[in-house]
Amino acid sequence: MTDRQLRIVVVGDTLLDVDVSGTSERLSPDAPVPVLDVRSEQRRAGGAGLVATMLAKDGHDVRLVTVLGDDAPAERLRSLLPGVTIVEGPSGAPTPVKTRVRVGDHALVRIDEGCDTPPVPAVTAQMRAALEDADAVIVADYGRGLTAAEEMRSALTAVAAHTPVVWDPHPKGEAPVAGVTVVTPNASEAQRFTGLGSTGVAFATDAAAELVTRWEAHAVAVTMGERGALVGRRTERGLDSRFVPAPSVTAGDPCGAGDRLAAGVAVALASGAEVADAVTAGVGDASAYLAAGGVASLVEGAPPAPIAVPGADRDALRVVHDVRAAGGVVVATGGCFDLLHAGHARTLSAARALGDCLVVCLNSDESVRGLKGPDRPIMGQDDRVELLLALDCVDAVVVFDESTPDEALRRFKPDVWAKGGDYTADELPESVTLAEWGGRVVTVPFHPGRSTTRLAAAIERVG
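What you are looking at is a predicted structure, and each value in this text was computed from that prediction instead of being measured.

Caption draft 1: Region of the structure containing the environment of L146. One can find L146 in the loop between β8 (136-140) and α4 (150-160). Sequence separation of L146 and D13 is 133 residues, and the distance between their C-alpha atoms is 6.8 Å. Non-local contacts of L146, meaning those with residues more than four positions away in its chain, are made with V11, G12, D13, V65, T66, V67, P121, V123, M127 and M152.

Following this line, the structure appears as C-alpha cells:
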C-alpha cells in the first residue's frame, strides 16, 4: 500500500447490506424452522459503496459515482459513507437492501429487498466530470444498469485511454468498455462469461485469454479464491499468463474479498506498478483483509479491532490450535537458517517426525546480526521464511528478535523442542524454558561438514 494519498474514483451500484447474527437453539412451534435469537444487527454500504469504504479507510481521497433512490435506505447509505465524496444521480428505483442472517459462522438465509432489475439510469454531467483528474478508477458493476448507460460508457472509455481502470464485472452487468487496464472476474464469473466447463489453472488461463480478446482489455485477472489469481495480459509478443499465488490465511466470511482485491490493484496501478505486480498487491491485500476478519472490521458498530498479531505468529497459533484440538503433538525447532542446505533439511525432517506439526522459530535479521556480525544474514528474513515454508516438513514459522527463542516459545508452548547438534538435551538453554510447561527437549541427528559459513565461503570463491 502506498503512503501517498491517491484520488480514486469508484463507479458502480451501491447497496445497503445488513448483517443480522445471533444464536439458534430451538425450533419454532409453528413450523419446523430454527428460531434466531438476535444478538446484533449491523449495517454497511455494499457494492461500490463497500469498495469506497475500504479505500477511504486506507486514507485515500475517494469519490463514489453512483445512483441512489429517494428512500430511507438511500439516506442511511449516505450516513454510512462519511469519508467519501458521493456524486450521485437518481436511480429511478428503490435502493436495494440485502440482509444476511447468520448463526455463528453459518449463513441461515439472505433476504433481498428492492433487487428487481431497475431501468438504466440517467447519467448527470457532474457524474461524468467526477472521473476527471483521478489517479485510478474502479468500476464495481453489480448488474443494476449504471454501466449500461451510454453516457457513462463513453466517459469510461475516454478515461481508460490515459488512467488505470480496474473493472470488477458482474454476470448480469455489462461488458467492460474497451481499453480498461485489468478486469477481475472470479472463477465462477469467468465460467459464465466464457462457457468453459473446466476448473483450475488450465481453465483460468484459457478464460483469461478469451476474455482479454473479447473485452479488448489490457489484462484479465481470473481470481481463484484461496489459490490466488491467474493474470492473462496482452504483450507485444502476444498473450502472456502469470499465476499469482495467495498467502495462506485462516479465513471465515469471504464477503468483500473481491472488492478488497480490486481496490488493492487500483491503488498499486495508480502508484506506478505494472499489471502483474498490481494484481500481486491486490491478492496480498485481499488475503490480509480476510485474515483480519473480513467485512466484520468495516461494519457500523463493529467492536474495536484486536491487537495485531504478526502473520507468521497467527499462522503458527492456528496450526498449534488445530493440532492440539486433534490430540496431536506440537514440535518446535529454531535457528537462523541463513542459506538452507542439506544439513538443515535433514534436521528439520527429523524434527517433524517427532510429532504432528513442526513450528520453526527463526532469528530475525536483527537477531542474526547480533549473533553473527554485521555481514549476516545473507538472506533477509522474508526470504528465509518463504524457503522454510516451502519445505513439506515445516508447518509454520515464527520470527523472533531476541537472541534466544524463549519468548516465542512461551507464546505457543510446544510439547517438544528439537535441536540438531553434537550435545545432549540437558546442555540446551531452552531446556529450562520448556520445563515451565512440562515440554521435552530432544536432539536430532547432526550432520557434520555442512554449514552456512562453509557454503557462503564456497559461493564467495565461485563469485
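After that view of the structure, there is still more to cover.
Caption draft 2: Inspection of the sheet that holds strand β7 (residues 106-113) at higher detail. Taken in spatial order, the four strands of this open sheet run β3-β2-β6-β7, and their pairing is mixed. Either end of the sheet is taken by a strand with one partner, and the two such strands are β3 (34-47) and β7. With direction set aside, neighbouring strand axes in the sheet form an average angle of 20°. As judged from the seven bridges shared by strand β2 (residues 14-27) and strand β6 (residues 97-103), these two strands associate in the parallel manner. From the neighbouring strand, D19 faces β6, where its bridge partner is R100. Sitting on the sheet, helix α2 (residues 72-79) touches β2, β3 and β6, and the angle it makes with β2 is about 100°.

Caption draft 3: Focus on the nonpolar core. Core analysis: the biggest nonpolar cluster contains 46 residues, and V10, L55, I138, V182, V265 and V279 have the highest contact counts within it. Top element by residues in this core is helix α7 (residues 257-270). It accounts for nine residues. Aside from chain neighbours lying at most four places away, what touches V279 is A221, A229, V231, V244 and V265. Of all hydrophobic cores here, the second largest spans 38 residues; its members include A130, V137, A160 and V212.

Caption draft 4: Representation of the packing of helix α1 (residues 48-57) against α7 in the model. Taken N-terminus to C-terminus, the directions of α1 and α7 make an angle of 55°; their axes are 9 Å apart at the nearest point. Comparing the axis directions of α1 and α7 gives the class oblique. Regarding α1 and α7, the two cross each other, and that crossing is right-handed. Along its contact with α1, which presents L50, V51, M54 and L55, the element α7 presents D259, R260, A263 and V267. Its residues assigned to classes, the contact of α1 with α7 comprises six nonpolar, no polar and two charged.

Caption draft 5: Structural context of the sheet that holds strand β16 (residues 396-400). Here we have five strands laid out as an open sheet, ordered β16-β15-β14-β17-β18, and parallel in their pairing. Since the sheet does not close on itself, it has two edges, and those belong to β16 and β18 (440-444), each with one partner. Each strand of the sheet is rotated relative to its neighbour by a mean of 30°, with strand direction disregarded. Summarising the sheet, strand β15 (residues 357-363) and β16 pair through five bridges and their orientation is parallel. Residue pairing in the sheet places L362 in a bridge with V399 of β16.

Cut-offs and rules
Residues numbered from 1 in each chain as written. Predicted model: local features only at pLDDT ≥ 70, side-chain atom pairs only at ≥ 80, totals over all residues. Heavy atoms only, no water. Helix = DSSP H or I, 4+ residues; strand = E, 2+ residues; numbered from the N terminus. Contact = heavy atoms within 4.5 Å. Pairing = 2+ DSSP bridges. Axes fitted to C-alpha atoms, helices over the stretch in contact; angles between N-to-C directions. Core = buried A, V, L, I, M, F, W, Y, C linked by side-chain atoms within 4.5 Å. Buried < 20%, exposed > 50% of the residue type's maximum accessible area, 1.4 Å probe, protein only. Parallel < 35°, antiparallel > 145°, perpendicular 65-115°, else oblique. Left-handed = near helix turned anticlockwise from the far one by under 90°. Nonpolar A, V, L, I, M, F, W, Y, C, P; charged D, E, K, R; others polar.

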